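Fold and contact review
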Amino acid sequence: MESRLLVSASPHVRETDSIDRIMWTVVAALVPAIAMSLYLFGAGALKVYLISIAACEAAELACLRARGEPLRHAADGSAFVTGLLLAMVLPAGAAWYVPLVG
């Protein structure tokens, strides 16, 4: 009897979602939590969000440039998600350099 099994590398089930779509879906899922933190903690939280996101985007651009990769990869949202998550674990009263170093 002949075996008709196909051996191939995983993953065997592939999705059509791209990294861009997944990252921006994560951002959309975080919007209610971000809105609540801005409501509760105000301008301090906004400052932490802005500095954290800007620092993560700048670091990604610098790394892409150093590796000689196209800068369009910075628009996939991964640095944005990293900046959001970093800002969400920092206190609203954190000094300006804390999210920058983080």
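None of these values were measured; they are calculated from a predicted model. (Residues numbered from 1 in each chain as written. Predicted model: local features only at pLDDT ≥ 70, side-chain atom pairs only at ≥ 80, totals over all residues. Heavy atoms only, no water.)

Scanning the entire structure with this criterion turns up 2 salt bridges. Across the salt bridge formed by Arg21 and Asp17, the nearest N and O atoms sit 3.4 Å from each other. Overall, the relative accessible area of 55% leaves Arg21 in the exposed class. Ionic pairing is found between Glu69 and Arg67, a salt bridge with its closest N-O pair at 3.1 Å. (Salt bridge = Lys/Arg side-chain N within 4 Å of Asp/Glu carboxyl O. Buried < 20%, exposed > 50% of the residue type's maximum accessible area, 1.4 Å probe, protein only.)

Before going further, it helps to spend a moment on the environment of Leu86. Here Leu86 is to be found in helix H3 (residues 78–89). Separated by 11 residues in sequence, Leu86 and Tyr97 have C-alpha atoms that sit 13 Å apart. In contact with Leu86, not counting residues within four places along its chain, are Ser52, Pro99 and Gly102. (Helix = DSSP H or I, 4+ residues; strand = E, 2+ residues; numbered from the N terminus. Contact = heavy atoms within 4.5 Å.)

The geometry of an aromatic ring pair is captured by two quantities: the separation of the ring centres and the angle between the planes. Throughout the structure, instances matching the rule amount to 2 aromatic pairs. With centroids separated by 5.3 Å and ring planes inclined at 45°, the aromatic side chains of Trp24 and Phe80 adopt a geometry described as tilted. Placement of Trp24 in helix H1 (residues 19–41) and of Phe80 in helix H3 is noted, with a sequence separation of 56 residues between them. By relative accessible area, Phe80 is classed as partly exposed at 23%. Ring centres 5.9 Å apart and planes at 90° place the aromatic pair Trp96 and Tyr97 in the edge-to-face group. The partly exposed category is assigned to Tyr97, whose relative accessible area is 45%. (Phe/Tyr/Trp six-rings, centres within 6.5 Å; stacked < 30°, edge-to-face > 60°.)

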